[in-house]
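Working through the structure, step by step
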Amino acid sequence: MYVGMVGRWFASLFHKVWHRNLMRSGMVTGLILAMLVLGLGIAYRERGRGNLHKLTAKIVTEHEDAPVARPGGQEAIVLTRTRLAGGSAPEFLSATVLPGRGMNVLQITAYLPDKGEVKLMASPTVEDAANAMTGRDADANGRASLAMGGAFEAPWAGRIWGVASQGRVNTTWRGHTMALPAGTGAVTSIARDGLLLAPPADSVNTTAMPDGGQVEATFQAGDFGAHWPSKTDVHVTVLLSSRSIELTVVAHNVGDVAEPIGIGWHPRFAILSGGREQLRLRVPGQIHEARDPQSGLPTGALLPVAGTAYDFTALDGVRLGKMDLDDGFVQLHKELLDNGPVAELSDPANDFGLRLTALSSTIKAMRVVAKADGDFVSIEPQFNYDDPFGREWGADTGMVVLQPGQSTQWKVRLELFSLNGGQSAN
């Protein structure tokens, strides 16, 4: 009984002291603040010993992001810019390039009035591109690069016909025999679109700019896998701005003998809503390369386009309709006020056009690929004619001969423009 009485007395005393004195006096708040300061002091000391960093590093390690797609073993680079405030003209917004695959311009996005952001290239996502670019089977020698985006072509552009031998195409230049990788499919006597489709870049540099950005990649191509007479370094630059995308390729002979060089670009411009038939094509070539209807091999005949179905020289272009094209055009004409020969692909249904200007005098040909049932149109500015080493030609075929130490440049400007009165972007 006495023990219970003593217990109740202590409980009553604690209640009086806690509630009437400590709680009302603010002492509890002081105790909480003191504990908080003590905790911060301990954290600061542990941070000085590196323990907090170790904890953070552990958390980051335990929650790593998903793996990044790396086509050709290198991450894609995306140049981006913000649309001009209040702008009413078409504008470029981004360019995605693959330094791991010869700087393929995988995707270009643009803002179109009344359409918003659109994709201008017929291409898969970066992830799907990486899955396709295996280096095996259908991607042997980088073939998958030609099925998406815009692949750069060097040390020749287009096709070379030769003698098929054990998966190679043998051709000759100035007594030097070159064994080139054969294309896939039933025709094994054609080497296609150069040897820059698969190589990864040896170095990459990016630069941010007020209205976009620039990326430059260097490829120490050597003899392109024991296929070419000399050794070559290739530098590719992509410069993005609201008004244009400038593409530059420089080839430099770093070997000790002369070599032929042809450079081109194989873009696949996507056909947007409205369909292919309503597109209008302008090509400045005044001469058309005649082909054998069975083999597709150039015959060596160069035919004027005037008055024929191959005349696309009108300044406002010619409607594509159902015409199936896989043809080369040469003797490129430059208008008086242009910086070089101009090709255009206009899309009246979406009120915009793409303009390609060849800024290098060494660009002597443009190849156009526009399949009647396809989902893209390709306009390919290039140095050389198709089959540049072929005996069918009796004249210069556009290949540039580089002596040791010499360089040559291929440069093209891609622009957007409005068709129906919007402010021009050029």
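The rules we used
- Each chain has its residues counted from 1, running along the sequence as written.
- In keeping with the predicted nature of the model, local features appear solely for residues at pLDDT of at least 70, side-chain atom pairs appear and are counted solely at 80 or more, and the whole-chain, interface and lining totals rest on all residues.
- For side-chain calculations, the full set of non-hydrogen atoms in the structure is used, while hydrogens and water are omitted.
- By the criteria applied, helices consist of DSSP H or I runs no shorter than four residues and strands consist of E runs no shorter than two, each listed in order from the N terminus.
- We call a residue buried when its accessible area falls under 20% of the maximum for its residue type, exposed when it is over 50%, and partly exposed in between, using a 1.4 Å probe and counting protein chains only.
- Residue contacts follow a heavy-atom distance rule, with two residues in contact if any of their heavy atoms lie within 4.5 Å.
- All accessible-area figures derive from a Shrake-Rupley calculation using a 1.4 Å probe, and residue coverage is judged against the displayed protein chains alone.
- The rule for pairing is simple: two strands pair if DSSP sees at least two bridges between them.
- Salt bridge criterion: a side-chain nitrogen from Lys or Arg within 4 Å of a carboxyl oxygen from Asp or Glu.

Helices and strands together make up the secondary structure of the protein chain, namely four helices and 28 strands. Counting over 426 residues, the protein chain shows a buried share of 46%. Partitioning the intrachain contacts of the protein chain with sequence separation of at least 6 by distance along the chain shows that 65% fall at a separation of at least 24. Entry remark: accessible area of the protein chain is about 21,000 Å², with carbon and sulfur atoms responsible for 55%.

Moving on, we get to unusual backbone geometry. A cis amide bond, omega 5 degrees, links Ala-154 with the succeeding residue Pro-155. Secondary-structure assignment places Pro-155 in the loop between strand S5 (150-153) and strand S6 (159-161). Here the phi dihedral of Ala-226 falls at roughly 65 degrees; this positive angle occurs in a residue that is not glycine. Structurally, the position occupied by Ala-226 is in the loop between strand S12 (212-222) and strand S13 (232-240). Among the residues examined, Ala-226 registers a relative accessible area of 61% and is labelled exposed. If you check the backbone angles, Gln-331 has positive phi at about 50 degrees while not being a glycine. By secondary structure assignment, the location of Gln-331 is in strand S22 (residues 325-332).

A few words on the sheet that holds S12. Pairing in this open sheet of nine strands is antiparallel, and the strands run S11-S12-S13-S14-S28-S24-S23-S18-S21 from one edge to the other. Lying at the two open borders of the sheet, with one neighbouring strand each, are strand S11 (203-209) and strand S21 (318-319). Note: S12 against S13, nine bridges, orientation antiparallel. Bridging across to S13, Thr-218 finds its partner in His-235.

Before going further, it helps to spend a moment on the pattern of salt bridges. Under the counting rule described, the total for this entry stands at 17 salt bridges. Ionic pairing is found between Asp-386 and Arg-159, a salt bridge with its closest N-O pair at 2.8 Å. One end of the pair, Asp-386, is in the loop between strand S26 (376-382) and strand S27 (400-402); the other, Arg-159, is in strand S6, and 227 residues separate them in sequence. You'll find Asp-386 and Arg-159 in the same group, each marked buried. Linking Lys-411 and Glu-246 is a salt bridge whose minimum nitrogen-to-oxygen distance equals 3.6 Å. Taken together, the residues Lys-411 in strand S28 (residues 407-417) and Glu-246 in strand S14 (residues 244-253) connect sequence positions 165 residues apart. A single network of salt bridges, built from pairs that share partners, joins Arg-159, Asp-193, Glu-289, Arg-291, Asp-326, Arg-367, Glu-380 and Asp-386.

In this section: the environment of Leu-297. With respect to the helices, strands and loops of the structure, Leu-297 is situated in the loop between strand S19 (285-291) and strand S20 (298-304). By relative accessible area, which is 26% here, Leu-297 ends up partly exposed. Leu-297 sits 93 residues away from Gly-390 along the chain, and the two C-alpha atoms are 9.5 Å apart. Apart from residues no more than four positions distant in its own chain, Leu-297 is found in contact with Trp-161, Ala-290, Arg-291, Asp-292, Asp-387 and Glu-392.

Before going further, it helps to spend a moment on the environment of Leu-240. Within the secondary structure layout, Leu-240 lies in strand S13. Overall, the relative accessible area of 1% leaves Leu-240 in the buried class. In the structure, Leu-240 is positioned 161 residues away from Leu-79 in sequence and 6.9 Å away in space, judged by C-alpha atoms. Residues within four places of Leu-240 in sequence aside, it is in contact with Leu-79, Thr-80, Arg-81, Phe-92, Leu-93, Ser-94, Ala-95, Asp-211, Gly-212, Gly-213 and Ile-245.

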